Amino acid sequence: MAGSAQQIRDLLEAGETINMPGVYDALTARLASEAGFEVMFISGYSVSGSRLGLPDFGYLTQTEVADAARSVCSATALPVIVDADTGYGNPLSAMRTARLLAGAGGAGIFLEDQEWPKKCGHFAGKRVVPAGDWLAKLQAVLDLRAEGVDLFLVARTDARAAVSLDEAIDRAKAARDLGVDAIFVEAPEGIDDLERVAKEVEGVIRVANMIEGGRTPLLTPKELHDLGYDLIVTPLSAIFAAAKAVLAGHRALEEHYRS
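Being a predicted model, the structure only gives us computed values, none of them experimental.

Their axes nearest at 8 Å, the elements helix α5 (residues 91–103) and helix α6 (residues 131–143) cross at an angle of 40°. Put simply, α5 runs oblique to α6. The interaxial crossing formed by α5 with α6 has right-handed handedness. On the side of α5, the interface is formed by Pro91, Ala94, Met95 and Ala98, while α6 contributes Ala136, Lys137, Ala140 and Val141. In terms of residue class, the contact of α5 with α6 is made up of seven nonpolar, no polar and one charged.

Turning to the packing of aromatic side chains, a few remarks are in order. Inspection of every chain in the model, using the stated rule, returns four aromatic pairs. Taking 4.6 Å as the distance between ring centres and 40° as the angle between the ring planes, the aromatic pair formed by Phe41 and Phe110 counts as tilted. Note that Phe41 is positioned in strand β2 (residues 40–42) and Phe110 in strand β4 (residues 108–112), a separation of 69 residues in sequence. Neither Phe41 nor Phe110 differs from the other in exposure class; each is buried. Between Tyr45 and Phe240, the aromatic rings sit 6.3 Å apart at their centres with planes inclined by 85°, giving edge-to-face as the arrangement. Of the two residues, Tyr45 sits in helix α3 (residues 44–52) while Phe240 sits in helix α11 (residues 237–258), which places them 195 residues apart along the sequence. Using a relative accessible area of 22% as the deciding quantity, one classes Tyr45 as partly exposed. With a relative accessible area of 33%, Phe240 lands in the partly exposed category. Here the aromatic residues Phe41, Phe110 and Phe184 are joined through ring pairs into a cluster of three or more.

As a further point, take the sheet that holds β2. Ordered in space as β1-β2-β3-β4-β5-β6-β7-β8, the eight strands form a closed barrel in which the pairing is parallel. On average, adjacent strands in this sheet sit at an angle of 25° to one another, irrespective of strand direction. Where β4 lies against strand β5 (residues 152–157), five bridges are found, and the strand directions are parallel. Paired with Phe110 across the bridge in β5 is Val154.

Once that is clear, we can look at unusual backbone geometry. If a residue is not glycine, its phi is most likely negative; likewise, a peptide bond is most likely trans. Geometrically, the link from Trp116 to Pro117 is a cis peptide bond, its omega value of 0° lying close to zero. Along the chain, the position of Pro117 falls in the loop between β4 and α6. One non-glycine residue, Asp85, lies in the positive phi region at around 50°. Non-glycine residue Tyr88 carries a positive phi angle of around 65°. By secondary structure assignment, the location of Tyr88 is in the loop between β3 (80–83) and α5.

This part is about α3. Among the residues making up α3, those that are buried are Gly44, Ser46, Val47 and Ser48. Along its buried surface, α3 packs onto β2, α4 (62–73), β3 and α11. Looking at where α3 begins, the residue whose side-chain oxygen comes 3.3 Å from the main-chain nitrogen of Tyr45 is Ser43. Trailing α3 by a residue or two, Gly53 shows a phi angle of about 65°, which is positive.

Interhelical geometry of helix α8 (residues 165–178) versus helix α9 (residues 191–200) gives an angle of 35° and a closest axis separation of 10 Å. At the point where α8 passes α9, the crossing takes the right-handed sense. In this structure, α8 contributes Leu165, Asp166, Ile169, Lys173 and Arg176 to the contact, and α9 contributes Asp193, Arg196, Val197 and Glu200. Of the residues that constitute the contact of α8 with α9, the class distribution is three nonpolar, no polar and six charged.

What follows deals with the nonpolar core. In this structure, Leu138 and Ile183 are the most contacted members of the largest nonpolar core, which totals 63 residues. Residues contacting Ile183, with those up to four places away along its chain left out, are Ala155, Ala172, Ala175, Arg176, Val197, Val201, Val204, Ile205, Arg206 and Val207. Formed by 18 residues, the second largest nonpolar core is a distinct cluster that contains Val39, Phe41, Phe152 and Val233.

Considering all chains together, one arrives at 24 salt bridges under this definition. When the shortest N-O distance is used, the salt bridge between Arg156 and Asp158 registers 2.8 Å. Among the residues examined, Arg156 registers a relative accessible area of 6% and is labelled buried. In this structure Asp158 comes out as buried when scored by relative accessible area, which is 0%. Among the salt bridges present, the one from Glu167 reaches Arg171, with a minimum N-O distance of 2.7 Å. You can see Glu167 and its partner Arg171 sitting in helix α8, four residues apart, about one turn around the helix. Given a relative accessible area of 23%, Glu167 falls into the partly exposed group. The buried category is assigned to Arg171, whose relative accessible area is 5%. One salt-bridge network, held together by shared partners, links Asp85, Glu112, Lys118, Lys126, Arg156, Asp158 and Glu186.

Definitions and cut-offs
Residues numbered from 1 in each chain as written. Predicted model: local features only at pLDDT ≥ 70, side-chain atom pairs only at ≥ 80, totals over all residues. Heavy atoms only, no water. Axes fitted to C-alpha atoms, helices over the stretch in contact; angles between N-to-C directions. Helix = DSSP H or I, 4+ residues; strand = E, 2+ residues; numbered from the N terminus. Parallel < 35°, antiparallel > 145°, perpendicular 65-115°, else oblique. Left-handed = near helix turned anticlockwise from the far one by under 90°. Contact = heavy atoms within 4.5 Å. Nonpolar A, V, L, I, M, F, W, Y, C, P; charged D, E, K, R; others polar. Phe/Tyr/Trp six-rings, centres within 6.5 Å; stacked < 30°, edge-to-face > 60°. Buried < 20%, exposed > 50% of the residue type's maximum accessible area, 1.4 Å probe, protein only. Pairing = 2+ DSSP bridges. Polar contact = N/O pair within 3.5 Å; in protein donor to acceptor, adjacent residues only side chain to side chain. Core = buried A, V, L, I, M, F, W, Y, C linked by side-chain atoms within 4.5 Å. Salt bridge = Lys/Arg side-chain N within 4 Å of Asp/Glu carboxyl O.

Listed below in structure tokens is the structure:
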């Protein structure tokens, strides 16, 4: 079973900048471990793409994510943070999702404020629920700690694109004040956005999301650390690389047997 939430906290408290690769099955988990990463992330986009052959438009279910988490966590002793999307319903649903993912071996979750069906954070047309609805889900997951379900909780807001940067910052501050482990303002549109979030949302770990072709500029871990971000996720590099390699292999096979 994968490692604990406290292991992630200890790494961050020791001053490390954690770069989490996106994984989606046992093989990608083993390869990430072999490559030397310390924490990994189960990307909902990648699970939807690899299991369903569909984009990140809310097709994925709670049980499919939990099944992916069991597969990944059985293949590594490293801590695994899982993309829990919106929690798949109300605060009670979020609690059930958290219990399922903890039971599967997850050390943490991302929990976001989009309306369902959600979309990839870098797609257009996102909408967010009222802040109070999202905060109630976060509080529900935090309350599970009293029964021994301790997850590294990342509060993700998509309000930057759906409403405004001001709203995203206000939501991030409110989540911080609840006691989440980290805040994640999704899809900043430039270094100015990243700097402002880091300056205005103090006293909590901040997450940066590095997606090839996304809205946020691609920066190195050191550059992000210098901006105030010490938990970095690169969720799609593995599935993009795999898709490119498999397509090339299939084409080579087809050409070989056709010639």
